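Listed here are the chains, written in short residue letters.
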Amino acid sequence: MRSARTEAFWNAFCRHEGVNHARHEVTSFKTWPDVAKRLTAMVLAGRMRSTAGPIHCFGDEQGEPVPAVGEYAVLLDVEERPRLIWRTTGVEIAPFSSVTD
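This report concerns the structure included in the present document.

Rules used in this analysis
- Residues numbered from 1 in each chain as written.
- Predicted model: local features only at pLDDT ≥ 70, side-chain atom pairs only at ≥ 80, totals over all residues.
- Heavy atoms only, no water.
- Helix = DSSP H or I, 4+ residues; strand = E, 2+ residues; numbered from the N terminus.
- Rg over C-alpha atoms; globule rule 2.2 N^0.38 Å.
- Buried < 20%, exposed > 50% of the residue type's maximum accessible area, 1.4 Å probe, protein only.
- Contact = heavy atoms within 4.5 Å.
- Areas by Shrake-Rupley, 256 points an atom, 1.4 Å probe, with all protein chains shown as cover.
- Lys, Arg positive; Asp, Glu negative; His and termini not counted.
- Charge placed at Lys NZ, Arg CZ, Asp CG, Glu CD.
- Pairing = 2+ DSSP bridges.
- Salt bridge = Lys/Arg side-chain N within 4 Å of Asp/Glu carboxyl O.
- Axes fitted to C-alpha atoms, helices over the stretch in contact; angles between N-to-C directions.
- Expected span 1.5 Å × (residues − 1).
- Arc of directions from axis to C-beta.

**Some points on the overall build of the protein**
Each helix and strand counted, the protein has two helices and three strands in total. In sequence order, the secondary structure elements of the protein are arranged as α-β-α-β-β. By the compact-globule yardstick of 13 Å for 101 residues, the protein fits well, its C-alpha radius of gyration being 14 Å. With the C-alpha coordinates aligned to their principal axes, the bounding extent of the protein is approximately 40 × 30 × 30 Å. Residues classed as buried in the protein amount to 24% of the 101 residues present. The contacts of the protein with a sequence gap of at least 6 include a subset with a gap of at least 24, amounting to 50%. A total accessible area of about 7,500 Å² is found for the protein, and carbon and sulfur atoms account for 52% of it. Charge-centre separation for the protein: the mean point of 12 positive side chains lies 8 Å from the mean point of 13 negative side chains.

Here it is, written out as structure tokens:
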């Protein structure tokens, strides 16, 4: 999912924010396109500030590492364009039934 476009987006962010490292993930919402569009719009509008996903979707085999506090991620839209960068501020691994609104 990395591309010249995602790297340019990341590098512009680093210059603007004074971030001095190249470590970041490139990700997208792994769901149906119409749902992914709505989720991306909610994040961009500031109405969604957290996500949840099944643990079996993360790990080396899936190519999506388990998030860690302090890490950055470039979020792609359904057309694989970089839309925003988030910084992980908390991670909780728990039963899905314990996730709240």
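**A word on the pairing of strand β3 (residues 82-87)**
Inspection of the sheet shows strand β2 (residues 72-76) paired to β3 by five bridges, in the antiparallel sense. Bridged to alanine 73 within β3 is tryptophan 86. The hairpin formed by β2 and β3 contains five residues between the paired strands, and glutamate 80 there has a positive phi angle of roughly 65 degrees.

**A closer look at the pattern of salt bridges**
Where side chains of opposite charge bring their charged atoms close, a pairing between them can arise. Per the counting criterion, the structure on display carries four salt bridges. Aspartate 77 is paired through a salt bridge with arginine 81; the nearest N and O atoms lie 2.7 Å apart. Residue class for aspartate 77 comes out buried when judged on its relative accessible area of 8%. Where salt bridges share partners, they join Asp77, Glu79, Arg81 and Arg83 into one cluster.

**Things to note about the sheet that holds β3**
Reading across the sheet, the three strands line up as β1-β2-β3 and stay open at both edges, with mixed pairing between neighbours. At either end of the open sheet lies a strand with only one pairing partner, and these are β1 (25-28) and β3. For this sheet, the mean angle separating the axes of adjacent strands, direction not counted, is 30 degrees. Against the sheet, helix α1 (residues 4-17) makes contact with β1, β2 and β3, and its axis sits at roughly 50 degrees relative to β3, the strand it touches most. Where helix α2 (residues 33-44) meets the sheet, it contacts β2 and β3, and its direction lies at approximately 60 degrees from that of β3.

**Some details on α2**
Relative to the 16 Å expected for twelve residues at 1.5 Å per residue, α2 spans 16 Å between its end C-alpha atoms, a close match to the ideal helical length. Every buried residue belonging to α2 is among Ala36, Thr40 and Val43, and all of these are buried. Looking down the long axis of α2, one finds its buried residues gathered within 60 degrees of arc, a one-sided arrangement. Facing away from the buried surface of α2 by more than 90 degrees, the exposed residues are Lys37 and Arg38. Tucked inside the fold, the buried residues of α2 contact β2 and β3. The first or second residue beyond α2 is glycine 46, which carries a positive phi of 80 degrees.

Such coordinate-based values are descriptive only and should not be taken to indicate function.
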